[in-house]
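# Summary of the model geometry
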Amino acid sequence: MEPKDTGEVTRRDTLIKIGLGSVAVAGCGAAAFGYQFLSPNVLYEPSPIANVGKPDRFPLDSVTPDLVAGIYVIHAPEGFYALTATCTHLGCLTAWKPDLGIIACPCHGSKFNRHGVKIDGPAPKPLAWLKVWVSDDGDLLVDRSSIVPAEQFVRV
Amino acid sequence: MPPTIEGYWNDQRGTKVWRSVFRSGTGSSTLHRALAVQQNVFLHLASVKMRRRSLAFSATWYLGTLTLATFLILTGTGILLMLYYHPSVPQAYADMKDLQFVVSAGIFLRNLHRWSAHAMVFLVFAHMFKVFYRGAYRPPREFNWVIGVVLLLVTLFLSYTGYLLPWDQLAFWAITVGANIMSAVPVLGRKMRFLMLGGNGVNANALLRFYVLHCVILPLAAVVLIAVHFWRIRKDGGLYTGQAETDAGGSPVQVNE
């Protein structure tokens, strides 16, 4: 038999509301907790700052790939700069082709010149210029996590 | 009368032990056959009766059953491969090579796992095309089609997560490219990539996460969804036969068993 609808709030209605409210609060808490749990607080990844050695390692007008760091160190007449070797299309490691004087991606055929400007292929953006500076010991340091505007040369 | 194999089986099915396991009783009456299906935890997902037409090869090309067969092979070989595989950066590639060259029958199990995985993806697509072009996705089977689409996604994620585990160059760059495709999702993309990989790149955390997804989370999801998918075949009126599903009076069959 259905209870008569008298417009009164019954004890059962109230308890159902409290129950559903508790479940909703617990659900939100579990979602927040789950997100925080899945997002690592400490990463044991290599430092973004790479030490590439003394500037005189790099002859004038040279492009030197560092495959471990995933960067190119370029010594241009205007000064030093570093490009990321990670393709801006889908993140493959590009390769320097000395005979053609270009940077080419093996995955989907993007090509860049030595300033990181795209010549050909699907890459949506030029290769990023990375922050370069000289340490107190006279070594060239490259911060792979810090992108600087293009044509920012470092004179040593 | 000389003893026959059939007679031997009939004797066995009358024993106390057999009757304690299978409660449906012996005999070949329709009732006993129906009970044999209905009272079995595995078989009861299926109907106790089906149209003869739905058992014909042409009705389904057995594509769903073949997909299940590849899934069972993948589960069996996958569990065995887990006994020799450590999901850690120094060991993963070497363990994969050990499975190929050192472990007895390792190369057989690995190749069986790999080819069954390819076959499963192919069969899932073939099954869906068959269902689509026959119109078997239409009501009352529309929700089972939706479950099938989710099962397709689970199959593809199983394929993708398994691809990283050999930890070779192909695996590394395939997952790098796939993760970067994911980061193209508007607003949430980069965060989703970070959570999936457990870091900023494909490294130790990504290997472990993909291992857990591949060996535990996705197979469990697949088993639950497969069970619902099979049970829905019965609930939605049995396998689609292409014949008009009307009763003797010409009105549509009610499906609410």
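Residues numbered from 1 in each chain as written. Chains lettered and ligands numbered in written order. Predicted model: local features only at pLDDT ≥ 70, side-chain atom pairs only at ≥ 80, totals over all residues. Heavy atoms only, no water.

Residue and element names in this part refer to chain B. On the surface, F125, F129, F132, Y133, L153, L156 and F157 cluster together into a nonpolar patch covering about 730 Å² of accessible area. Elements represented by at least two residues in the nonpolar patch include exactly α7 (106-134) and α8 (142-164). Sort the elements by how many residues they give to the nonpolar patch and α7 lands first, with four residues. Along the chain, F129 falls in helix α7. Classification of F129 as partly exposed rests on a relative accessible area of 47%. (Patch = residues over 30% accessible without salt bridge, like charges linked within 9 Å, V, L, I, M, F, W, Y side chains within 5 Å. Areas by Shrake-Rupley, 256 points an atom, 1.4 Å probe, with all protein chains shown as cover. Salt bridge = Lys/Arg side-chain N within 4 Å of Asp/Glu carboxyl O. Helix = DSSP H or I, 4+ residues; strand = E, 2+ residues; numbered from the N terminus. Buried < 20%, exposed > 50% of the residue type's maximum accessible area, 1.4 Å probe, protein only.)

All names here are of chain A. Read across the sheet, six strands follow the order β1-β10-β9-β4-β3-β2 without closing on themselves; strand pairing throughout is antiparallel. Of all the strands in the sheet, the pair left with one neighbour each is β1 (49-53) and β2 (62-66). Strand-to-strand twist in this sheet, taken as the mean axis angle between neighbours without regard to direction, amounts to 30 degrees. Bridging between strand β3 (residues 71-76) and strand β4 (residues 79-84) involves six bridges; their strand directions are antiparallel. Directly across from V73, in β4, lies its bridge partner A82. (Pairing = 2+ DSSP bridges. Axes fitted to C-alpha atoms, helices over the stretch in contact; angles between N-to-C directions.)

Grouped together as the largest cluster of nonpolar side chains are 19 residues, with contacts concentrated most on Y72(A), I74(A), Y81(A), L83(A), I103(A) and F112(A). Elements with a contribution of two residues or more to this core: β3 and β4 of chain A. Of all the elements, β3(A) adds the most residues to this core, at three residues. If near-sequence neighbours (up to four positions away) are discounted, F112(A) is found in contact with C87(A), T88(A), T94(A), I102(A), I103(A), V117(A), K118(A), I119(A), A123(A), K125(A), P126(A) and L127(A). By size, the runner-up hydrophobic cluster in this structure holds 15 residues, among which are L165(B), I175(B), L197(B) and V202(B). (Core = buried A, V, L, I, M, F, W, Y, C linked by side-chain atoms within 4.5 Å. Contact = heavy atoms within 4.5 Å.)

Our next topic: the confidence of the model for chain B. With 94% of its residues at a pLDDT of 70 or more, chain B shows a mean pLDDT of 91. The complex model carries a pTM of 0.86, and its ipTM stands at 0.80. (pLDDT = per-residue confidence, 0-100.)

At the interface, 15 residues of chain B touch 11 residues of chain A. Summing the contributions of chain B and of chain A, the shared interface buries around 1100 Å²; its carbon and sulfur component is 64%. The largest contributions to the chain B side of the interface with chain A come from W173(B), V177(B) and L195(B), which together make up 39% of the buried area. On inspection of chain B and its partner chain A, the count reaches five residue pairs in polar contact (both at pLDDT 80 or more). (Buried area = accessible area lost by both parts, 1.4 Å probe. Polar contact = N/O pair within 3.5 Å; in protein donor to acceptor, adjacent residues only side chain to side chain.)

All names here are of chain A. Applying the stated criterion to the full structure yields one disulfide over all chains. Two residues share a disulfide in this structure: C92 and C107, whose sulfurs sit 2.1 Å from each other. Disulfide C92 to C107: torsion about the S-S bond roughly -90 degrees, handedness left-handed. With a gap of 15 residues between them, C92 in the loop between β4 and β5 (95-97) and C107 in the loop between β6 (102-104) and β7 (111-112) connect regions that are remote in the sequence. (Disulfide = S-S within 2.5 Å.)

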